[in-house]
Amino acid sequence: MQLLVFDLRGTLAHFRRPDTTATHASYPVITRTALRGLLGSILGLAEFSGESWAGIQLLAPVRTVLQELSLLGKGFLTSGPAMNRPTSIELVVNPAYRIYYHGDYQEELMARIREGRSHYHTYLGSAFALTFPRFVGSWEVPEVELTPGMTYRCRTVLPTHVVQGLVMPPGDSKLQVGRIGGVHYHYLGGRRFRGAVHLVYEVQGQPISFVPTASPAEPKVRFAQLGDEVVCLW
């Protein structure tokens, strides 16, 4: 399996949770739909489609702050576009992610990211959170089928439906595993979505040791071997 590997860094990110209204809470990591929107921006696509597998690794600890912003011109109820609406927004501070990508647009994406070219601007969830993808490499790695009951170390965020159990290293109290629920899976256009996925991640960006489920995982995932760790693509 050929993997395109690149980094996304920024000073701020905001991946809004759809179930928050008055206060705009954020997911701590880039979402599946936001990442595919970013890839579509690089390519200049109106909609990103086709076979696409991606894994997300945290390169920096998750830190968030709550900031009040003035959403001037957004409109509120019948107030019109001149309404100045102070809104509390949760922001991810100094986000950094490594992306592992395998899919239909691999060669074109690799060429554009390596040369620093993008059709549209790229951002981390919101237009005020600009980012510029940095090419890391293109790696040929083996795809692996995980054996139920065995323990694996995974360096990327994991969908919960592939995890039978987490394995905490004895005596290591620094690991902090977080859970993200209800992340949109498919973007249908027109602010409409279908399906959801739940995720687990290590807050400091360290690998997670886990035992995979025995039953076939839906939505489907793929695993690639990188040294003594695996990368989960979904």
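Residues numbered from 1 in each chain as written. Predicted model: local features only at pLDDT ≥ 70, side-chain atom pairs only at ≥ 80, totals over all residues. Heavy atoms only, no water.

J.: With reference to specific residues and values, describe helix α1 (residues 32-43).
T.: In this model, α1 (12 residues) spans 17 Å end to end at C-alpha, consistent with the 16 Å of a helix rising 1.5 Å per residue. Within α1, 9 of the 12 residues are buried, which leaves the element mostly enclosed by the surrounding structure. Residues of α1 that are buried: Arg32, Leu35, Arg36, Leu38, Leu39, Gly40, Ser41, Ile42 and Leu43. (Helix = DSSP H or I, 4+ residues; strand = E, 2+ residues; numbered from the N terminus. Expected span 1.5 Å × (residues − 1). Buried < 20%, exposed > 50% of the residue type's maximum accessible area, 1.4 Å probe, protein only.)

J.: Outline the pairing of strand β1 (residues 2-9), supporting the account with residue identities and numerical values.
T.: Within β1, 6 of the 8 residues are buried, which leaves the element mostly enclosed by the surrounding structure. One ladder, built from 6 bridges, connects β1 with strand β10 (residues 134-140); its direction is antiparallel. In the strand pairing of β10, aspartate 7 is matched with arginine 134. Pairing of β1 with strand β9 (residues 96-103), which is carried by 6 bridges, proceeds in the antiparallel orientation. Paired with aspartate 7 across the two strands is arginine 98, which belongs to β9. (Pairing = 2+ DSSP bridges.)

J.: How would you explain the sheet that holds strand β13 (residues 158-159) if you had to name every residue and give the values?
T.: What links the strands of a sheet is backbone hydrogen bonding, and the strands pair in either a parallel or an antiparallel sense. One open sheet accounts for 3 strands, arranged β13-β16-β15; its pairing is antiparallel. Sheet topology places β13 and β15 (177-189) at the edges, where each strand pairs with a single neighbour. With 2 bridges connecting them, β13 and strand β16 (residues 192-202) associate as antiparallel partners. Its bridge partner being in β16, leucine 158 is matched across the sheet by valine 200. Here α1 sits on the sheet in contact with β15 and β16, set at roughly 50 degrees to β15. (Contact = heavy atoms within 4.5 Å. Axes fitted to C-alpha atoms, helices over the stretch in contact; angles between N-to-C directions.)

J.: I'd like a description of the packing of α1 against helix α2 (residues 106-115), backed by residues and values.
T.: For the pair α1 and α2, the least separation of the axes is 10 Å and the interaxial angle reads 75 degrees. Regarding the angle of α1 to α2, the classification is roughly perpendicular. Two secondary-structure elements touch here, α1 through Leu39, Ile42 and Leu43 and α2 through Glu108, Leu109, Arg112 and Ile113. A breakdown of the residues in the contact of α1 with α2 according to their chemical character gives 5 nonpolar, no polar and 2 charged. (Parallel < 35°, antiparallel > 145°, perpendicular 65-115°, else oblique. Nonpolar A, V, L, I, M, F, W, Y, C, P; charged D, E, K, R; others polar.)

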